[in-house]
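# Summary of structural features
If you want the building blocks of each chain, they are given just below.
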Amino acid sequence: MTQAPTSRARLALAWLLVGIPLGYGVYETLLKAAKLFTG
Amino acid sequence: MRGKFAFPFLDRSRSIAKPGFSRWLVPPAALAVHLSIGQVYAFSVFKRALQAHFATSLTAIAWIFSLAIVMLGLSAAFLGTWVERNGPRKAMFTSACCWGSGFAIGALGIATRQLWLLYLGYGVIGGIGLGVGYISPVSTLIKWFPDRPGLATGMAIMGFGGGALIASPLSVRLMQAFDPRAAAPTAIASGDAVMKTFLVLGVGYFAVMMFGAFNVRLPPGSRGSLAAATSTGHVSPKYAPLQTGVTISAANAIRTPQFWMLWVVLFCNVTAGIGILEQAAPMIQDFFRVPAAAGSSLGATSRVSAAVAGGFVGLLSMCNMAGRFIWSSASDLIGRKRIYVIYLGLGMVLYTLLATVGSRSTALFAGLAGMILSFYGGGFATIPAYLKDLFGTFQVGAIHGRLLTAWSCAGVAGPLIVNAIIESRGKPGALNAADYQPALFVMVGVLAVGFVANLFVRSVHTRYHERFDASPATARPSAPIQFKKVAP
């Protein structure tokens, strides 16, 4: 029933897989929101 | 739904974590699903192209989104216990199949100019994927993070907000890639480009959600109790005192006044937030409208351009998403009841300030609205943790599903109330700050109702609690736990 502990590489990969698209969405939204201050 | 499922590797028993599994692998699995289904809030980017392609009214196209949201509420409410019984992997797999095939059927509808296929695909089948996909990751994360349920639910539900932030620019880019003429400022993408975009999104979301389905795990033992997770080293024993041990079934939960108080709280919180979201762009322009110069043939103009108004909408989206994570996480420290006192009480103050002094400067207006939207997001994300506090983790997903009917109702009531009041003063986009005051003060009243309902929330009476019958058959970690009502 035991298995090797979850590796850090697997954890990092999993977080990157969701972090990169989320970062893209946040970046695009910040660009849009910046128009509020720059006109 | 109790019959054998075709794929045994999706069974609940096969998704129980073994010792050594890190619970920090579960949030990305949950986010993979929520980031995908969050696309639904970016559906508006297709509206104009679909309207032109089908040569129909905007209302007919808007029905696709409305149908999806209604199905989200219905499937979350009616399939919640199925989700709890069958585990997150099967639920996420089902959600991925529904969401992916919803896009594929929608693409077929666009290709054949059959609008009903879009209703059926994206609206009905995709909507079922939304409901099942929404509650399953939230419920699983609560079980993994009983020590920090607010953080857990904040992470997942932030993903739902984040999904729209990704899908909106991505869909525009895809449509422009498939139809380069659509890059012109006033151009509309062809139906062919929208169809191909649907196909790409469907395949992409299916793949990402599969990643979530195959990485998600349930804590070992009794449906993810803290005791079991602590004993296997998944959770530090120092958090053990936080476990309340309350176990209340979904069927019993809806019989408690606490459930309906929280229903009212969520309904009021969402209704008030939608009040701003619905009219954000025209509202900021109207708040800063300057009268036409004497003798000028032009009408009143706004100091806020359409581009700046678009930036304001972007800011609100960011505040909405950030609030989901920040406020929900903070609720672990502040307490659930207290944080709703802040959301709703401070929300009333902020709405009043917006109505009375919001027109003094755009920075003040944007700051107040941004704060209100962060509370709106926080209210969404904290509610499952509140449910966990009151009803335990046993069927929290199913209870959450039933509570989401408040969201569906608010999604209809909020825009209806706000639009009716605002339109009684004139056409949005040609009003001034004073015209918005009645609608904003109504929102203060709505928040006040939620505030009072929250004050009435107390611990659930023990007569609603389930008693765990620890028979040998249910002692196996993979076996579904059976609860039996015993005389108190």
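Just so you know, these numbers come straight off a predicted model, no measurement behind them.

Before going further, it helps to examine the overall build of chain B. Broken down by element type, chain B carries 17 helices and 4 strands. Counting only residues that meet the buried cut, chain B has 55% of its 488 residues in that class.

Residue and element names in this part refer to chain B. Counting 157 residues, the largest nonpolar core has Leu141, Leu262 and Leu266 as the members making the most contacts within it. Each of domain 1 (8-233) and domain 2 (250-290 + 300-464) accounts for three or more of the residues forming this core. Ignoring any residue separated from it by four or fewer positions in sequence, one finds Leu266 in contact with Gly379, Ile383, Leu403, Ala406 and Trp407.

Moving on, we get to the interface of chain A and chain B. Taken together, the 25 residues of chain A in the interface contact 28 residues of chain B. Partitioned by chemical class, the residues of the side of chain A that touches chain B number 16 nonpolar, 6 polar and 3 charged.

On to the domain arrangement of chain B. All names here are of chain B. Partitioning chain B into structural domains gives domain 1 (8-233) and domain 2 (250-290 + 300-464). Averaged C-alpha coordinates put domain 1 and domain 2 at centres separated by 23 Å. Taken together, the contact pairs 33 residues of domain 1 with 31 residues of domain 2. The set of elements that each furnish at least two residues to the side of domain 1 that touches domain 2 consists of helix H3 (58-78), helix H4 (80-111), helix H5 (115-144) and helix H6 (149-178). A class-by-class count of the residues in the side of domain 1 that touches domain 2 yields 17 nonpolar, 12 polar and 4 charged.

As a further point, take the packing of H4(B) against helix H14 (residues 396-403) of chain B. Residue and element names in this part refer to chain B. For the pair H4 and H14, interaxial distance at closest approach is 7 Å and the crossing angle is 160 degrees. Here H14 runs roughly antiparallel to H4, going by the angle between their axes. In the packing of H4 onto H14, the handedness of the crossing is right-handed. For the pair formed by H4 and H14, the contact residues are Gly80, Thr81, Val83 and Glu84 on the first element and Gly397, Ala398, Gly401 and Arg402 on the second. Classifying every residue of the contact of H4 with H14 by side-chain character gives 2 nonpolar, 4 polar and 2 charged.

With that settled, consider the packing of helix H11 (residues 306-334) of chain B against helix H13 (residues 362-391) of chain B. Residues and elements named next belong to chain B. Packing of H11 against H13 leaves a shortest axis separation of 6 Å and a crossing angle of 45 degrees. With respect to each other, H11 and H13 are oriented oblique. At the point where H11 passes H13, the crossing takes the right-handed sense. Among the residues making up the contact of H11 with H13, the classes are represented as 15 nonpolar, 9 polar and 1 charged.

Attention now goes to helix H10 (residues 257-287) of chain B. Taking the largest bend as the criterion, H10(B) deviates by roughly 80 degrees, centred on Ala280(B), and proline Pro282(B) comes between one and four positions later. Counting buried positions along H10(B) gives 24 out of 31 residues, so the element sits mostly inside the fold.

Let us now look at unusual backbone geometry. Across residues other than glycine, the phi torsion is negative in most instances, and most of the peptide bonds are trans. Residue and element names in this part refer to chain B. Backbone geometry at Ala55 places phi at a positive 50 degrees, although glycine is not the residue there. With respect to the secondary-structure elements, Ala55 resides in the loop between helix H2 (47-54) and H3. Taking the C-beta count within 10 Å as the criterion, Ala55 has 7 such neighbours and is therefore assigned exposed. The backbone phi angle of Arg113 is positive, close to 55 degrees, even though this residue is not glycine. Within the secondary structure, Arg113 sits in the loop between H4 and H5. The exposure class of Arg113 is exposed, given the 11 C-beta atoms found within 10 Å.

All right, on to helix H1 (residues 26-37) of chain B then. Residue and element names in this part refer to chain B. Taking 1.5 Å per residue as the helical rise, H1 with its 12 residues ought to reach 16 Å, and the 17 Å between its terminal C-alpha atoms agrees with that figure. Counting buried residues in H1 gives 12 out of 12 residues, a clear majority hidden from the surface. Considered for burial, the residues of H1 that qualify are Val26, Pro27, Pro28, Ala29, Ala30, Leu31, Ala32, Val33, His34, Leu35, Ser36 and Ile37.

Time to look at the confidence of the model for chain B. Residues and elements named next belong to chain B. Of all residues in chain B, 87% have pLDDT values of 70 or greater, and the mean over the chain is 86. Overall, residues 222-243 carries pLDDT values under 50, and its contacts beyond four positions in sequence, including any with other chains, amount to 37 contacts. Below pLDDT 50 for its whole length, residues 470-488 participates in 27 contacts with residues either more than four positions away or in separate chains.

Further remarks concern the environment of Leu72(B). All names here are of chain B. Mapped onto the elements, Leu72 comes out in helix H3. In this structure, the C-alpha to C-alpha distance between Leu72 and Gly129, residues 57 residues apart in sequence, is 7.5 Å. Those residues in contact with Leu72, other than ones at most four positions away along the chain, are Gly127, Leu130, Gly131 and Tyr134.

The next subject is the environment of Val412(B). Mapped onto the fold, Val412(B) is located in helix H15 (residues 405-423). Here the alpha-carbon distance between Val412(B) and Gly129(B), two residues 283 residues apart in the chain, equals 20 Å.

The next point concerns the environment of Ala9(A). Locating Ala9(A) in the fold gives a position in helix H1 (residues 8-38). Separated by 10 residues in the primary sequence, Ala9(A) and Gly19(A) have C-alpha atoms spaced 15 Å apart.

Scoring rules and cut-offs
- Residues numbered from 1 in each chain as written.
- Chains lettered and ligands numbered in written order.
- Predicted model: local features only at pLDDT ≥ 70, side-chain atom pairs only at ≥ 80, totals over all residues.
- Helix = DSSP H or I, 4+ residues; strand = E, 2+ residues; numbered from the N terminus.
- Buried ≥ 20, exposed ≤ 12 C-beta atoms within 10 Å, placed from the backbone.
- Core = buried A, V, L, I, M, F, W, Y, C linked by C-beta atoms within 7 Å.
- Domains from an automatic or database assignment.
- Contact = placed C-beta atoms within 7 Å.
- Nonpolar A, V, L, I, M, F, W, Y, C, P; charged D, E, K, R; others polar.
- Axes fitted to C-alpha atoms, helices over the stretch in contact; angles between N-to-C directions.
- Parallel < 35°, antiparallel > 145°, perpendicular 65-115°, else oblique.
- Left-handed = near helix turned anticlockwise from the far one by under 90°.
- Bend = angle between axes of the 7 residues up to and from the residue.
- Expected span 1.5 Å × (residues − 1).
- pLDDT = per-residue confidence, 0-100.

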